[in-house]
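Summary of the model geometry
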Amino acid sequence: MRRDLTSRILLFAAQSGLACFTKRSQTSDWSYDSPNHWADTPRYGQCQNGTHQSPIALSGSQFSRSPRGPSFNCPGSWTGVLSNNGHGLLFEIDVPGDDYTKLPKLSFDEETVYLQSWHTHAPAEHIVAGDRSTAELHLVHVDADGNAKAVVGFRLDPSYTQRDAHSQFFEQLGPFPRPDEEGHEIKIEDFRPNLALAEVSDFRRFWTYEGSLTTPPCSEGVRWFFAGDTLVLGDGQLQQLLAASHSLLDQPSTFGCTTLASSVKDLAALLCEHCELRRAVASSEKYRQSMSVIKV
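The notes below deal with the structure included here. (Residues numbered from 1 in each chain as written. Predicted model: local features only at pLDDT ≥ 70, side-chain atom pairs only at ≥ 80, totals over all residues. Heavy atoms only, no water.)

1. Looking at the overall build of the protein
What counts here: A run of H or I in DSSP counts as a helix once it spans at least four residues, and a run of E counts as a strand once it spans at least two, with each numbered from the N terminus. Under the scheme applied here, a residue whose accessible area is under 20% of the maximum for its type counts as buried, over 50% as exposed, and between as partly exposed, the area being computed with a 1.4 Å probe on protein chains only. By definition in these notes, contact holds between two residues if any of their heavy atoms fall within 4.5 Å. For accessible areas, the Shrake-Rupley method is used with a probe of radius 1.4 Å. Any residue's cover is judged against the shown protein chains and nothing else.
The helix and strand tally for the protein stands at six helices and 14 strands. By the burial criterion, 48% of the 296 residues in the protein qualify as buried. A fraction of 69% describes how many contacts in the protein between residues 6 or more apart in sequence connect residues 24 or more apart. Total accessible area computed for the protein in this model is approximately 15,000 Å², and 49% of it derives from carbon and sulfur atoms.

Spelled out as structure tokens, the structure:
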């Protein structure tokens, strides 16, 4: 399947010009600029030597055939801290009394894990039927000891049919912290994780596989559940997310940056222009189809 313009813009940007604007986390000892060197740090050896590494390519139609899917138990609202880790958005839920078992629950295969945090990646990491989405959301679940055991993933894209589309999940967060605000924490008093599930048809379609964390330490033994439906963001929300995922302040490095766009802000604007074009085409096609059924 041919990747659409949005995916190709983001891939080209990440692989060439805009990769030069990616902010390196000041508190991290790894960078997206050099994934081939993650394993140079001994404790990240699985990033190169692991046998069940994520992400993987997913088929567009082969969803899980498990008679029992994952069971989510995350009612009500929770408190936590939203920040920017230098790579993207990071939200960490407050752990009541340091007891992870009191956090929102995910059950599967007679195992129960607990939602401790979530973060974003832009562009997306998983490729579905040859197509890479604009961004990706990962809900990280841990066991009673705080070890990562499961990740629930979502593709993030704009709507190509509705101009007023928006995500209530992201709307509840308010303004997103930028990469240059790394270390700045925003307290969220009313976080509702179940909003994400509602925006992907309550996770009725999904892929599942045994994999790993997608960034160092690349730990394996992680169960993945990846939503079949796309979580749709509004154009403005997507612009904020892209700006939160890359620094607009860093200068290009010296290894041959191109000028696809002068900043991620320009890329986001280009992406939204593409959204408008796609919506116009969809509207025109809908009108053409409606006219074709009129009987003279």
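2. A short note on the nonpolar core
Soluble globular proteins: nonpolar side chains tend toward being buried together. Heads up, the rule is: Among buried residues, the Ala, Val, Leu, Ile, Met, Phe, Trp, Tyr and Cys ones that are joined through side-chain atoms within 4.5 Å form a nonpolar core.
Judged by nonpolar contacts, the single largest core of 41 residues is most densely connected at Trp118, Leu137, Phe154, Leu156, Phe170, Phe203 and Leu231. Residues Leu58, Val128, Trp224 and Phe226 belong to the second largest nonpolar core, which totals 10 residues.

3. Let's talk about the pattern of salt bridges
As a reminder, the rule being used: Salt bridges are identified by distance alone: a Lys or Arg side-chain nitrogen within 4 Å of an Asp or Glu carboxyl oxygen.
Throughout the structure, instances matching the rule amount to five salt bridges. We note a salt bridge from Asp94 to Lys187, for which the minimum N-O separation is 2.5 Å. With Asp94 in the loop between strand E4 (89-93) and strand E5 (105-108) and Lys187 in strand E11 (residues 186-191), this pair connects stretches of sequence that are 93 residues apart. Of the residues examined, Lys187 reaches a relative accessible area of 43% and is grouped as partly exposed. Here the residues in one salt-bridge network are Asp109, Glu210 and Arg223, joined through shared partners.

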